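Residues per chain are reported as follows:
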Amino acid sequence: MENIERILDWMQEKKQLFLLYEIETKKLQVSEEEAIDQLQEALSVREELIGKINEIDKNIQEIFMQTQDGEVLKDVCQNRINYEETPIQYRPLYQVGQEIFQIIARIQQEDTFASTQMQDLMQKLQNRIKQNKQASRVSGYVKSMNYGSSSMNTGFLLNKKR
């Protein structure tokens, strides 16, 4: 029974981490260029959360390996068996596992949406870069023709030799 409680605690913590991951995923859904820092921060936090989740999975896996009915526990936690077939003492594990999978499903949907928005943002930024390159070419042309010079009396129309 102690192992079940330990696994349940780990799964509850894992669930909380996935909820935080979901929040960070929603932060990826930005449309403003100024939000690039927000994107980087959210991606960094998500990476950190995945590291913690992986550590929890290792701890849970160790309990599975040390427990006589570890394979059954693993199947219960991963919802590989029907709820009705789940032993009553393991049903809290099944329920938390179900909650985790629901969060993961939402994250996958949000990830798809965020990815689309990031691609749109990237396209907008690329278009702006192209526009800036064209503006630079015009600026370079103007400078090469001596138009817009800082000295007002060096322009063609103001040339005193004329």
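Coordinates for the structure precede this section.
Residues numbered from 1 in each chain as written. Predicted model: local features only at pLDDT ≥ 70, side-chain atom pairs only at ≥ 80, totals over all residues. Heavy atoms only, no water.

A. Region of interest: the overall build of the protein. Within the protein, the regular secondary structure consists of 4 helices and 0 strands. Taken from the N to the C terminus, the helices and strands of the protein come in the order α-α-α-α. Counting over 162 residues, the protein shows a buried share of 28%. Within the protein, contacts between residues at least 6 apart in sequence are counted, and of these 64% link residues at least 24 apart. (Helix = DSSP H or I, 4+ residues; strand = E, 2+ residues; numbered from the N terminus. Buried < 20%, exposed > 50% of the residue type's maximum accessible area, 1.4 Å probe, protein only. Contact = heavy atoms within 4.5 Å.)

B. Spotlight on the packing of aromatic side chains. Evaluation of the coordinates by the stated rule reveals 2 aromatic pairs. Ring geometry for Phe18 versus Tyr21: centroids 6.5 Å apart, planes at 70°, classification edge-to-face. Taken together, the residues span about one helical turn, with Phe18 and Tyr21 both in helix α1 (residues 2–27) at a distance of 3 residues. Comparing Phe18 with Tyr21 shows no difference in burial state: the two are buried. Sitting above the plane of the Tyr83 ring, Arg91 keeps its charged end 4.7 Å from the centroid. (Phe/Tyr/Trp six-rings, centres within 6.5 Å; stacked < 30°, edge-to-face > 60°. Lys NZ or Arg CZ within 6 Å of the ring centre and 35° of its normal.)

C. Layout of the environment of Gly97. Checked against the element boundaries, Gly97 lands in helix α4 (residues 91–144). The class for Gly97 is buried, based on a relative accessible area of 2%. Placed 89 residues apart in sequence, Gly97 and Leu8 show a C-alpha to C-alpha distance of 9.3 Å. Residues contacting Gly97, with those up to four places away along its chain left out, are Met11, Cys77 and Asn79.

D. Molecular detail of a negative patch on the surface. There is a patch of like negative charges on the surface, built from Glu2, Glu5, Asp9 and Glu13. Looking at the secondary structure, you find Glu13 in helix α1. (Patch = residues over 30% accessible without salt bridge, like charges linked within 9 Å, V, L, I, M, F, W, Y side chains within 5 Å. Areas by Shrake-Rupley, 256 points an atom, 1.4 Å probe, with all protein chains shown as cover. Salt bridge = Lys/Arg side-chain N within 4 Å of Asp/Glu carboxyl O. Lys, Arg positive; Asp, Glu negative; His and termini not counted. Charge placed at Lys NZ, Arg CZ, Asp CG, Glu CD.)

E. Summary view of unusual backbone geometry. Its identity is not glycine, yet Asn79 carries a phi of approximately 55°, on the positive side. Inspection of the secondary structure puts Asn79 in the loop between α3 (70–77) and α4. Residue classification places Asn79 among the buried positions, given a relative accessible area of 17%.

F. Local environment of helix α2 (residues 36–66). For α2, spanning 31 residues, the distance from its first C-alpha to its last is 45 Å, which sits close to the expected 45 Å at 1.5 Å a residue. Inspection of α2 places Leu39, Ala42, Arg46, Leu49, Ile53, Ile56, Asn59, Ile60, Ile63 and Phe64 among the buried residues, and these make up the whole buried set. (Expected span 1.5 Å × (residues − 1).)

G. Seen up close, α3. When we look at burial in α3, the residues that qualify are Gly70, Leu73, Lys74, Val76 and Cys77. For α3, the arc enclosing every buried residue in end-on projection is 160°, short of the 170-degree limit, so these residues lie on one face. In the segment just after α3, Asn79 is the residue with positive phi, at about 55°. (Arc of directions from axis to C-beta.)

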